[in-house]
Amino acid sequence: MNDLAAAQLAELAETSDGAIEVLATAEGKGTTIFTVSLATHGIPTVSGGIRVRDRERFEFVVPDTFPYKPPTVRVPHTRWSGTPHVNWGSQLCIYAA
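As the structure is a prediction and not an experimental result, all values here were calculated from the model.

Let's talk about the pairing of strand β2 (residues 31-39)
β2 sits mainly inside the fold: seven of its nine residues count as buried. Note that strand β1 (residues 20-28) and β2 share eight bridges and pair antiparallel. Looking across to β2, one finds that T25 is bridged to F34. Here β1 hands over to β2 after two residues, with G30 in that stretch at a positive phi of 75°. Of the strand pairs in this sheet, β2 and strand β3 (residues 55-63) are connected by nine bridges, and their pairing is antiparallel.

Laid out in structure tokens, this is it:
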């Protein structure tokens, strides 16, 4: 378990007024996977862009070497497959972030 990432995510959820919910935590091989629900209502969309629901689930895959190695983010669905910045059907490119 990556305690630093868990503590930071818990603090964000605690201060988010419900916008961030940590739904589950699981340990993988050399990673901690946090399943998180984010309020995404009000995000503007453009033609050809990703359509988001009012809440979306994301999986933050945090390596045990965090913060020295960045996490990856994926979604537990393939609704966004084929759109820009979504790789392999469900992994989000966070380069621009």
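Observations regarding the side chain of T31
With respect to the secondary-structure elements, T31 resides in strand β2. Of the residues examined, T31 reaches a relative accessible area of 18% and is grouped as buried. Those residues in contact with T31 that lie beyond four places of it in its chain are A26, V61, V62, P63 and D64.

A look at the nonpolar core
Among the nonpolar cores identified, the biggest contains ten residues, and these are A5, L9, F34, V36, F58, F60, V62, F66, V73 and V75. Contributions of two or more residues to this core are made by α1 (3-15), β2 and β3. When residues in this core are grouped by element, the largest group, three residues, is from β3. For F60, the residues in contact, after removing those within four places along its chain, are L9, T32, I33, F34, V36, T72 and V73.

Regarding the pattern of salt bridges
Overall, the coordinates contain two salt bridges when judged by the stated rule. Note that E21 and R55 form a salt bridge whose closest N and O atoms lie 3.1 Å from each other. Here R55 lies in strand β3 and E21 lies in strand β1, a separation of 34 residues in the sequence. A residue is classified by how much of its surface remains accessible, and E21, at 37% relative accessible area, is partly exposed.

Rules used in this analysis
Residues numbered from 1 in each chain as written. Predicted model: local features only at pLDDT ≥ 70, side-chain atom pairs only at ≥ 80, totals over all residues. Heavy atoms only, no water. Buried < 20%, exposed > 50% of the residue type's maximum accessible area, 1.4 Å probe, protein only. Helix = DSSP H or I, 4+ residues; strand = E, 2+ residues; numbered from the N terminus. Pairing = 2+ DSSP bridges. Contact = heavy atoms within 4.5 Å. Core = buried A, V, L, I, M, F, W, Y, C linked by side-chain atoms within 4.5 Å. Salt bridge = Lys/Arg side-chain N within 4 Å of Asp/Glu carboxyl O.

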